[in-house]
Amino acid sequence: MTRHRQALRRLCLAALLLAAIAGPAGAGDEAVLDGAVTRPLALSTSLLDGFPESGIDISFATSKGVEGGRYRGVLLWALVEQAGLAPLPGKNGAIRRTVLVTGRDGYQAALALAEIDPHYEGKAVLLAREADGLRLLVPGDRHGGRNVRDVVRIEVR
Ligand SMILES: Nc1nc2c(c(=O)[nH]1)N[C@H]1C(S)=C(S)[C@@H](COP(=O)(O)O)O[C@H]1N2
Ligand SMILES: [Mo]
């Protein structure tokens, strides 16, 4: 009986510890890259640290005026390549693909995959780490609308 209670006690402690490590539900949940890929990615700090850092200088209009500067992060194309694009049948299937990026507040912006594919536009769209999470940065856009803040999902479609 005591052995049984001891095991139960250990189980409870382990559960408490796990809850403490996981933190409050919702906050700080990892972003994912999924959809039409062969290996969906959890965009953890350690995963992002494994990619080379790229830098871009951008400026974009917002409702609060022009913003910008130098941003450093990982190329979105490098992440898509790591996840492995699922092929689409037909002529140049990949140029029918889009990438839908979602912020924690539900805000969304889409890119054509060809915008970031080096065989087409090859634009240096970046995923940068900011205090409030991952941020998409789309060079060349005049308005900042596609620079999604606190990215939670990148879906290849
Ligand atoms: N998650 C999220 N990202 C967002 C928005 C938003 O409402 N939610 N607004 C966009 C718009 S319309 C602009 S102009 C820029 C503003 O950038 P800022 O937050 O650095 O000022 O963020 C973009 N990213
Ligand atoms: Mo905006």
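In this report, we go over the structure that sits alongside the text. (Residues numbered from 1 in each chain as written. Chains lettered and ligands numbered in written order. Predicted model: local features only at pLDDT ≥ 70, side-chain atom pairs only at ≥ 80, totals over all residues. Heavy atoms only, no water.)

1. Remarks on the site of ligand 1
Taken together, the neighbourhood of ligand 1 is formed by 14 residues, with K64, E67, D105, R135 and R149 sitting nearest. Measuring from a nitrogen atom of ligand 1, one finds a side-chain N or O atom of D105 at 2.7 Å. For ligand 1, an oxygen atom lies 2.8 Å from a polar atom in the side chain of R135. When the free accessible area of ligand 1 is taken as 530 Å², the share hidden by the protein chains comes to 82%. (Near = heavy atom within 4 Å. Polar contact = N/O pair within 3.5 Å; in protein donor to acceptor, adjacent residues only side chain to side chain. Areas by Shrake-Rupley, 256 points an atom, 1.4 Å probe, with all protein chains shown as cover.)

2. Looking at the environment of A86
In this fold, A86 is placed in the loop between α3 (76-83) and β5 (98-103). Owing to a relative accessible area of 22%, A86 belongs among the partly exposed residues under this scheme. Separated by 70 residues in the primary sequence, A86 and V156 place their C-alpha atoms 9.2 Å from one another. (Helix = DSSP H or I, 4+ residues; strand = E, 2+ residues; numbered from the N terminus. Buried < 20%, exposed > 50% of the residue type's maximum accessible area, 1.4 Å probe, protein only.)

3. Some remarks on the pattern of salt bridges
Pairing of side chains with opposite charge becomes possible as their charged atoms draw close. Under the criterion given, the structure shown has 11 salt bridges. Taking the shortest distance from any N to any O, the salt bridge between R146 and D141 comes out at 2.7 Å. The exposure class of D141 is buried, given its relative accessible area of 17%. Measuring nitrogen to oxygen at the nearest pair gives 3.1 Å for the salt bridge that ties E155 to R157. (Salt bridge = Lys/Arg side-chain N within 4 Å of Asp/Glu carboxyl O.)

4. A few points about the sheet that holds strand β9 (residues 151-156)
Spatially, β2-β1-β9-β5-β6 is the arrangement adopted by the 5 strands of the open sheet, whose pairing is mixed. The sheet is open, and its two edges are formed by β2 (41-42) and β6 (108-112), each paired on a single side. Bridge count between β5 and β9: 5 bridges; the pairing is antiparallel. Counted as the bridge partner of V99 is V156 from β9. (Pairing = 2+ DSSP bridges.)

5. Some remarks on the pairing of strand β8 (residues 133-137)
With respect to burial, β8 is a largely interior element, 4 of its 5 residues being buried. Where strand β7 (residues 126-130) lies against β8, 5 bridges are found, and the strand directions are antiparallel. Its bridge partner being in β8, E130 is matched across the sheet by G133. With antiparallel pairing between neighbouring strands as the criterion, β7 and β8 make up a hairpin whose turn holds 2 residues.

6. Here we look at the side chain of R97
Here R97 lies in the loop between α3 and β5. Buried charge R97 goes without a salt bridge, the closest partner of opposite sign being E155 at 9.0 Å. Not counting residues within four places of it along the chain, the set of residues in contact with R97 comprises A36, L85, A86, P87, L88, A112, L113, V156 and R157. (Lys, Arg positive; Asp, Glu negative; His and termini not counted. Contact = heavy atoms within 4.5 Å.)

7. Notes on unusual backbone geometry
As a rule of thumb, non-glycine residues mostly have phi less than zero, and peptide bonds are mostly trans rather than cis. Located in the positive-phi region is N92, a residue other than glycine, with phi close to 45°. Its location among the elements puts N92 in the loop between α3 and β5. With a relative accessible area of 41%, N92 lands in the partly exposed category. The backbone phi angle of D150 is positive, close to 45°, even though this residue is not glycine. By the element assignment, D150 lies in the loop between β8 and β9.

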